[in-house]
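Tertiary structure, described
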Amino acid sequence: MKIDVREGDSFWYYSQLFNIPLQLIIDSNPDVSTQQLMVGTAINIPGFIKRPHTVDPGDTLWSIATHRRIALDALLLLNPDINPRKLKEGMTIDLPYKVTKPVVNGKQSYDFSTMVRDIKRLMALYPFIRQQSVGRSVEGKSLYELRVGQGSQVVHVNGSFHAREWISTPIIMAFLNDYLLALTNRETIRGLSMAPFYDNKTLSALPMVNPDGVDLVIHGLPQNSEYREHILEMNNGSTDFSQWKANIRGVDLNNQYPANWDIEADRKPNHPASANYPGPQPLSEPESQSLAQLTDDSSFERVIAFHTQGEVIYWGYLEYEPPETESIAQEFARVSNYEPDQNVDSHAGYKDWFEMKWQRPGFTIELGSGTSPLSLNQYEEIYQESLGVFLANLYL
Ligand SMILES: [Zn+2]
């Protein structure tokens, strides 16, 4: 919600008036000086929308405020041009409405455009989110990263490396939405207050690493892709893409990282395929490259890549991981009931590369059980299991 600054008002006053943490208001207006607000400047109040209200017979601004438990001054602020003594029946005024429900509905086929629409909604409601596109997929879709928080320690999560594992994207988006709601409504999640997390950590999320692949699994063969024939060929002529893991040109993005990539190249398919082809060389694909670049630029304290399925937390890579990785994995396991697993015979994954390059904790978490793509019937259960991990990632 945007309001126009009045004479004598301050961010502090708006924080009191709307009961929104001061820091969130300041961070929602990065281009506005906190020292002296200029009268007439439009500023963002996070967590609020304006709702039109038609004046009923006998309504006064006071009665509306009392009835709806809104501060009278908030009504005056939102409706600067009306005369509070002369409300006319049938006229429309704006009421401030505090958003208490999520806009993200994760329990649906969550394609790229659904994610983009939700990112736009979240950005409008919570302008203290920082959003950037860190690159583009083969088909030109933006790889969006969202950041929440002001802490110097940056913890990163990502999802949908593998196309058929797309349920990891709405899980991340839903957590972000719940975190934002708890921050603006000063609510707890599982008894934990969120404000200290906002101050002490910065959460970085790249919810969809492989948007072309996700859309292929959800919608089938793209209409205008130059890869149409090639995609069909890689899928052995079938138009059922439900088992597709790779990006749109048949490279497995989680077999792309320079961490003993040669071992995977020797034993995996040596040509583009729906799954497991490590590519012609490490980081040959724009998606894996963009995430590597983001990681190089960001000095992440730790990273979590969400996949499906197996209810497992992979946490080690050839003992490059620092000692504290084990205790973090144990806490993730405690709160999710997933099984921690230090070693698996696998190389060239994002987590492997992260631990090898920085000697910091990295995790591959396999959400849910059964076969991918997982049914949305598992969505609630997976969300509850991963919620503990998201929270632990903020308090550890
Ligand atoms: Zn996977």
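None of the values given here were measured: they were computed from a predicted structure.

Cut-off values and rules
Counting restarts for each chain: residues are numbered from 1 in the order of the written sequence. The predicted nature of this model means local features are confined to residues of pLDDT at least 70 and side-chain atom pairs, given and counted, to a pLDDT of 80 or more, with totals for whole chains, interfaces and linings taken over all residues. Think of the side-chain values as coming from all heavy atoms in the structure, minus any hydrogens and water. A patch consists of residues exposed above 30% relative accessible area that lack any salt bridge, with like charges linked at up to 9 Å and nonpolar side chains (Val, Leu, Ile, Met, Phe, Trp, Tyr) linked at up to 5 Å. A 1.4 Å probe and the Shrake-Rupley method give the accessible areas. Residues count as covered only by the protein chains that appear here. Whenever Lys or Arg places a side-chain nitrogen within 4 Å of a carboxyl oxygen from Asp or Glu, that contact is recorded as a salt bridge. Put simply, DSSP H or I for four residues or longer makes a helix, DSSP E for two residues or longer makes a strand, and each gets a number counted from the N terminus. With water excluded from the atoms, a metal site may look incomplete; its donors are any N, O or S atoms within 2.8 Å, or within 3.2 Å for Na, K and Ca. Angle rules define the geometry names used: all angles between 85 and 135 degrees makes four donors tetrahedral, while opposite donors over 155 degrees apart and all other angles between 65 and 115 make four donors square planar and six octahedral, leaving every other case irregular. A simple rule labels every residue: compare its accessible area, found with a 1.4 Å probe on the protein chains alone, to the largest value its type can have, and call it buried under 20%, exposed over 50%, or partly exposed in between. When two rings of Phe, Tyr or Trp (its six-membered ring) have centres within 6.5 Å they constitute a pair, described as stacked for plane angles under 30 degrees, edge-to-face for angles over 60, and tilted for the intermediate range. Here, a charge over a ring means that NZ of Lys or CZ of Arg falls within 6 Å of the ring centre while also lying within 35 degrees of the ring normal. Here a strand pair is declared whenever DSSP counts at least two bridges between the two strands. Start and end points for every domain follow an automatic or database-based domain assignment. Here, residues are in contact when the closest pair of their heavy atoms is within 4.5 Å. In this description, buried area is defined as the sum, over both parts, of the accessible area (probe of 1.4 Å) that is lost when the two are combined. Any pair of nitrogen or oxygen atoms within 3.5 Å is treated as a polar contact; in protein, a donor-acceptor pairing is required on top of that, and neighbouring residues in sequence qualify only through side-chain atoms on both sides.

Take a nonpolar patch on the surface next. A cluster of nonpolar residues, Trp 62, Leu 72 and Leu 76, forms a patch on the protein surface that exposes about 290 Å² of accessible area. Here Leu 72 is to be found in helix 4 (residues 72-78).

Surrounding the zinc ion are the protein donor atoms His 162 (ND1), Glu 165 (OE), Glu 165 (OE) and His 307 (ND1), at 2.0 to 2.6 Å. For the zinc ion, the four donor atoms are set out with angles of 55 to 147 degrees between them, so the coordination reads as irregular. If you list the donors of the zinc ion from N- to C-terminus, the spacing comes out as H-x2-E-x141-H. Separated by 142 residues along the polypeptide, Glu 165 in the loop between strand 7 (153-159) and helix 6 (168-184) and His 307 in strand 11 (residues 302-308) bring together distant segments of the chain. You'll find Glu 165 and His 307 in the same group, each marked buried.

Here the focus is the pattern of salt bridges. Close approach of charged atoms allows side chains of opposite charge to pair. Under the definition given, this model contains 15 salt bridges. Across the pair Arg 267 and Glu 264 runs a salt bridge, and its minimum N-O distance is 2.7 Å. Of the two residues, Arg 267 and Glu 264 are both situated in helix 10 (residues 261-267); the distance of three residues between them amounts to about one turn of the helix. A residue is classified by how much of its surface remains accessible, and Arg 267, at 39% relative accessible area, is partly exposed. Here Arg 334 makes a salt bridge to Glu 331, at a shortest N to O gap of 2.9 Å.

What describes a pair of aromatic rings is the distance from one ring centre to the other and the angle between the planes of the rings. Throughout the structure, instances matching the rule amount to 19 aromatic pairs. Seen in terms of ring centroids, Phe 18 and Phe 48 are 5.0 Å apart; in terms of plane orientation they differ by 65 degrees. Their pairing is edge-to-face. Of this pair, Phe 18 sits in helix 1 (residues 11-18) while Phe 48 sits in strand 3 (residues 48-54), placing them 30 residues apart in sequence. In terms of burial, Phe 18 and Phe 48 fall into one category: buried. Their ring planes at 70 degrees and their centres at 6.2 Å tell us that Phe 161 and Tyr 257 sit as a pair that is edge-to-face. Note that Phe 161 is positioned in the loop between strand 7 and helix 6 and Tyr 257 in the loop between helix 9 (228-234) and helix 10, a separation of 96 residues in sequence. Each member of the pair, Phe 161 as well as Tyr 257, is classed as buried. For Arg 51, the ring lying beneath its charged end belongs to Tyr 97, and the centroid distance is 3.7 Å.

For strand 7, a buried count of six out of seven residues is recorded, marking the element as mostly surrounded by other parts of the structure. Of the strand pairs in this sheet, strand 7 and strand 11 are connected by five bridges, and their pairing is parallel. Across the sheet, the residue bridging to Asn 158 is Ala 305, located in strand 11.

Below, the discussion takes up the domain arrangement of the protein. For the protein, the domain assignment lists domain 1 (2-98) and domain 2 (112-213 + 281-395). The C-alpha centroid of domain 2 is placed 36 Å from the C-alpha centroid of domain 1. Residue-level contacts link 14 residues of domain 1 with ten residues of domain 2. Both faces combined, the contact of domain 1 with domain 2 buries some 1000 Å², and carbon together with sulfur accounts for 61% of it. Area buried by domain 1 at its contact with domain 2 is led by Leu 24, Asp 27 and Gly 47, which between them contribute 42% of it. At the boundary of domain 1 and domain 2, one finds zero salt bridges. Viewed at the interface, domain 2 and domain 1 are joined by six residue pairs in polar contact (both at pLDDT 80 or more).

What follows is about the environment of Ser 242. Assignment of secondary structure puts Ser 242 in the loop between helix 9 and helix 10. C-alpha separation for the pair Ser 242 and Ser 372, spaced 130 residues apart in sequence, amounts to 8.2 Å. Here Asp 240 takes part through its side chain, which lies 2.9 Å from a polar atom of the side chain of Ser 242.

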